[in-house]
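Okay, here's what each chain looks like letter by letter:
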Amino acid sequence: MNDFLDLLGGIFLTPITLGAVKLPFHLLQFILEFLLPLLLAFGVYKLALYGLKRLLSSLKAKEQASTLVHKWVRIVFRICWLILFIILIGRLFGAAIGEYFQKFYAFLNQPILSSESTTISFVTIILMIPLFYLASWAGKMSRGLVNHAFLDRLGLDESRRYTLTKLVRYTVVVLVLLIGLSVIGIDLSILTVFFGVLGIGLGFGLQHTVANFFAGIVIIFSRPIKVGDKILVDDIEGTVMEVKALSTVINTLTEETILLPNSHLVHNMVHNYSYRSRRIIISNTVQVHYQTDLDKALAVLAAVGRENPYSDGLSNLETRVLAFEDSGISLELRTWIGDVGMKHNALSWTYLEIWRKFRSEGIEIPYPQVDLHIKDKGAP
């Protein structure tokens, strides 16, 4: 038992040593004076957030106000937690914190990869993190700035504005990254090594990612589809919401969001209902009985087409006899509508109105049936 206690004492009460550096505190002190206060602060934050949620619910606060309050509470907690973290670190290291900071910085600054003109250390890698955030922020800011300060005056349509702002954003991101890498001491010639590694990686699973990226560039430049287009790819029909670097966001008729790889759009047939215009023709097919006056039935269909509230009002409609089927004669009404987004509503309205008109005019819509004739040959 004494040996076990001595072992625990050696683990928890012996000063912590990292390599050749001996820290001025032991494990038990680290737990009690650093980890435990941070965990208690986190627990207090969770309890306060839960109590605030119950309070806002009892006061029946609006959702927008409740979201805003939660946002500011999280921001205040993060600031307080950071201040507490710094205070606890200062208490652990005491007056020697500057000396230990220098040792820690020297450790992080040791080269991991070194060449004639470039040295990469942990400090370099750490500096890359805010650099990527800065590049992303600069890309977003440039897109908004160009969109509001420049493109608004040109009067371009939404699709062209979207394409130009995407190109500006990608360009700014690349420029900020190149300049930032130079500032933190990375020779840009090392990018040749990166592209060499990338070329090897293409054979081990990155080919689909790179293919989707370049397919996204092709879509942005050639614009076979654009934001707001109504498209049909395979069995997926919906509206293009966004063209990203690797995928395209499509909102389907059932309000589902689908991320379609860009290479799929480039390599497969895409039915774009609104490539040149959002006007399309809808086709309504109906059968009538063989005893029907076809001229009258076609006139009724034409009247339905003229009354269609979704019609563009500019183009002529067409009625025609399609075929003599087993159960009846097939007729077709072809109507121009002004917006492809209302296609299904227009089809539904037309079929319902055909049904009503045919009933009022006494025109019969047949259904499949079989006549059985039995010959009576008399008793055997």
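Residues numbered from 1 in each chain as written. Predicted model: local features only at pLDDT ≥ 70, side-chain atom pairs only at ≥ 80, totals over all residues. Heavy atoms only, no water.

This paragraph deals with helix H3 (residues 63-93). In this model H3 runs 45 Å from its N-terminal to its C-terminal C-alpha over 31 residues, within 8% of the 45 Å that 1.5 Å per residue would give. Those residues of H3 that sit buried are Ser 66, His 70, Phe 77, Leu 88, Leu 92 and Phe 93. (Helix = DSSP H or I, 4+ residues; strand = E, 2+ residues; numbered from the N terminus. Expected span 1.5 Å × (residues − 1). Buried < 20%, exposed > 50% of the residue type's maximum accessible area, 1.4 Å probe, protein only.)

Turning next to the nonpolar core. If you look at the biggest cluster of nonpolar residues, it comprises 13 residues, and the most contacted ones within it are Val 286, Val 288, Leu 301, Leu 331, Ile 354, Phe 358 and Ile 363. If you list the elements that add at least two residues to this core, you get strand S10 (280-288), helix H9 (294-306), strand S12 (329-337) and helix H10 (343-361). For this core, the element with the highest residue contribution is H9, accounting for five residues. Apart from residues lying up to four places away in sequence, Phe 358 is in contact with Val 286, Val 288, Ala 297, Val 300, Leu 301, Ile 363 and Ile 365. The next biggest cluster of nonpolar side chains, apart from the first, holds 11 residues, and it includes Ile 225, Ile 231, Val 240 and Leu 265. (Core = buried A, V, L, I, M, F, W, Y, C linked by side-chain atoms within 4.5 Å. Contact = heavy atoms within 4.5 Å.)

Taken together, the side chains of Leu 28, Ile 31, Leu 32, Leu 35, Leu 36 and Leu 40 define a hydrophobic patch exposed on the protein surface, amounting to about 480 Å² of accessible area. Along the chain, Leu 35 falls in helix H2 (residues 27-59). (Patch = residues over 30% accessible without salt bridge, like charges linked within 9 Å, V, L, I, M, F, W, Y side chains within 5 Å. Areas by Shrake-Rupley, 256 points an atom, 1.4 Å probe, with all protein chains shown as cover. Salt bridge = Lys/Arg side-chain N within 4 Å of Asp/Glu carboxyl O.)

Bringing the pairing of S12 into the picture now. The element S12 is extensively covered by neighbouring structure, given that seven of its nine residues are classed as buried. Two strands pair when backbone bridges link them, and S10 and S12 are joined in this way by nine bridges, in the antiparallel orientation. Within S12, the residue paired with Thr 285 across the bridge is Glu 332. Both strand S11 (residues 318-324) and S12 contribute to a ladder of six bridges, which runs antiparallel. By the bridge assignment for S12, Thr 319 is matched with Leu 333. (Pairing = 2+ DSSP bridges.)

The next point concerns the sheet that holds strand S8 (residues 257-261). What the five strands build is an open sheet, ordered S8-S7-S6-S5-S9; its pairing is antiparallel. At either margin of the open sheet sits one strand with a lone partner, and together these are S8 and strand S9 (270-272). When the angles between neighbouring strand axes are averaged without regard to direction, this sheet yields 40°. (Axes fitted to C-alpha atoms, helices over the stretch in contact; angles between N-to-C directions.)

Function cannot be inferred from these measures alone, as they are strictly geometric.
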